[in-house]
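One letter stands for each residue in the lines below.
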Amino acid sequence: MAVFNIVLHQPEIPQNTGNIGRTCVAAGARLHLIEPLGFRLDEKSLKRAGMDYWKELDVSTYVDYEDFLQKNPGAKIYYVTTKGQQIYSEPAFEPGSFFMFGKESGGIPEEILKAHPKECIRIPMVGTSRSLNLSNAAAIVLYEALRQQQFAHMKLEGELHRLHWD
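Note that the structure is predicted; figures quoted are calculated from it, not measured.

Description of the packing of helix α1 (residues 14–27) against helix α5 (residues 134–148)
Then, number 1: Running from N to C, α1 and α5 cross one another at 15°; their axes reach a closest spacing of 9 Å. Judged on the interaxial angle alone, α5 and α1 are roughly parallel. Here α1 runs over α5; the crossing is right-handed. Contact residues: α1 offers Asn-16, Asn-19, Ile-20, Thr-23, Ala-26 and Ala-27, while α5 offers Leu-134, Ser-135, Ala-138, Ala-139, Leu-142, Tyr-143 and Leu-146.
Then, number 2: Grouping the amino acids of the contact of α1 with α5 by side-chain chemistry returns 9 nonpolar, 4 polar and no charged.

Have a look at this one:
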């Protein structure tokens, strides 16, 4: 089982989903896609953004939000939104948690957010910035959750290709 789960609610831009898929592979996370999608899963741009990692990705698709909930009973879901009243680094994330992100043009529907106010989290920004890029936001939140787990089961040391660190 994946340590954490990234959920994209009706993503629109294939490059973002491809980048998030690549991040999920590198982090040992599972990707969940809630339809409708703004692209086909066989699009070249999706696979190009995910590069050769896409074939290693643990990914599931759902016809809608209700289908997602039904197939993931009891899931601890955090809703990442600019409307959240809690900063993403405040909750203590447990392995198996789900982080839901909304579509690029409109975020997560407010009806979903209103039903889960205590699980809505946000990434702080300055000024009048509306939002971060979806793939960047997913990486920020996912790696905070992994940091809280002390990056368990992850490679923590880098290696040079031609030289050695000694």
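Some thoughts on the packing of aromatic side chains
Then, number 1: For the structure shown, the criterion picks out 7 aromatic pairs.
Then, number 2: Measuring from ring centre to ring centre gives 5.8 Å for Phe-4 and Phe-99, while their planes differ by 40°; the resulting arrangement is tilted. Here the residue Phe-4 occupies a position in the segment before β1 (5–9), and Phe-99 occupies one in strand β6 (residues 98–101), the gap between them amounting to 95 residues.
Then, number 3: Owing to a relative accessible area of 1%, Phe-4 belongs among the buried residues under this scheme.
Then, number 4: Judged by centre distance (5.7 Å) and plane angle (75°), the rings of Phe-68 and Phe-98 are edge-to-face.

With respect to the pattern of salt bridges
Then, number 1: Here the structure, examined in full by the defined rule, presents 5 salt bridges.
Then, number 2: Measuring nitrogen to oxygen at the nearest pair gives 3.2 Å for the salt bridge that ties Lys-71 to Asp-67. Residue Lys-71 and its partner Asp-67 are located together in helix α3 (residues 65–71), separated by 4 residues, close to a single helical turn.
Then, number 3: Among the residues examined, Asp-67 registers a relative accessible area of 10% and is labelled buried.
Then, number 4: Here Lys-155 and Glu-159 are joined by a salt bridge, their closest N and O atoms 3.6 Å apart. Residue Lys-155 shares its accessibility class with Glu-159, and that shared class is exposed.

Section: α1
Then, number 1: Between the first and last C-alpha of α1 there are 20 Å, a value that for 14 residues agrees with the 20 Å anticipated at 1.5 Å per step.
Then, number 2: Residues of α1 that are buried: Pro-14, Asn-16, Thr-17, Gly-18, Ile-20, Gly-21, Cys-24 and Ala-27.
Then, number 3: With its phi angle positive at about 70°, Gly-28 sits one or two positions after the end of α1.

Points about the sheet that holds strand β3 (residues 59–62)
Then, number 1: Read from one edge to the other, the open sheet built from 7 strands follows the order β3-β2-β1-β6-β4-β7-β5, with strand pairing classed as parallel. This sheet does not close on itself; its edge strands, each paired only once, are β3 and β5 (86–87).
Then, number 2: The pairing of β1 with β6 spans 4 bridges and is parallel. Looking at β6, one finds that Asn-5 is bridged to Phe-98.
Then, number 3: Packed on one face of the sheet, α1 meets β1 and β2 (30–34) and runs near 150° to β2.
Then, number 4: Packing against the sheet, α5 makes contact with β1, β4 (77–80), β6 and β7 (120–122), and its axis sits at approximately 165° to β6.

Notes on the nonpolar core
Then, number 1: One finds Ile-6, Leu-8, Ile-20, Leu-31, Phe-99, Phe-101 and Val-141 to be the most contacted residues of the largest nonpolar core, which totals 26 residues.
Then, number 2: Among the elements of the structure, β1, α1, β2, β4, β6 and α5 are those that each provide at least two residues to this core.
Then, number 3: For this core, the leading source of residues is α5, giving 7 residues.
Then, number 4: Beyond its immediate sequence surroundings of up to four residues, Leu-8 is in contact with Thr-17, Ile-20, Leu-31, His-32, Leu-33, Ile-34, Phe-101 and Leu-134.
Then, number 5: Core analysis: the next-biggest nonpolar cluster, separate from the first, contains 13 residues, Tyr-79, Met-100, Ile-108 and Leu-113 among them.

Rules used throughout
Residues numbered from 1 in each chain as written. Predicted model: local features only at pLDDT ≥ 70, side-chain atom pairs only at ≥ 80, totals over all residues. Heavy atoms only, no water. Axes fitted to C-alpha atoms, helices over the stretch in contact; angles between N-to-C directions. Helix = DSSP H or I, 4+ residues; strand = E, 2+ residues; numbered from the N terminus. Parallel < 35°, antiparallel > 145°, perpendicular 65-115°, else oblique. Left-handed = near helix turned anticlockwise from the far one by under 90°. Contact = heavy atoms within 4.5 Å. Nonpolar A, V, L, I, M, F, W, Y, C, P; charged D, E, K, R; others polar. Phe/Tyr/Trp six-rings, centres within 6.5 Å; stacked < 30°, edge-to-face > 60°. Buried < 20%, exposed > 50% of the residue type's maximum accessible area, 1.4 Å probe, protein only. Salt bridge = Lys/Arg side-chain N within 4 Å of Asp/Glu carboxyl O. Expected span 1.5 Å × (residues − 1). Pairing = 2+ DSSP bridges. Core = buried A, V, L, I, M, F, W, Y, C linked by side-chain atoms within 4.5 Å.

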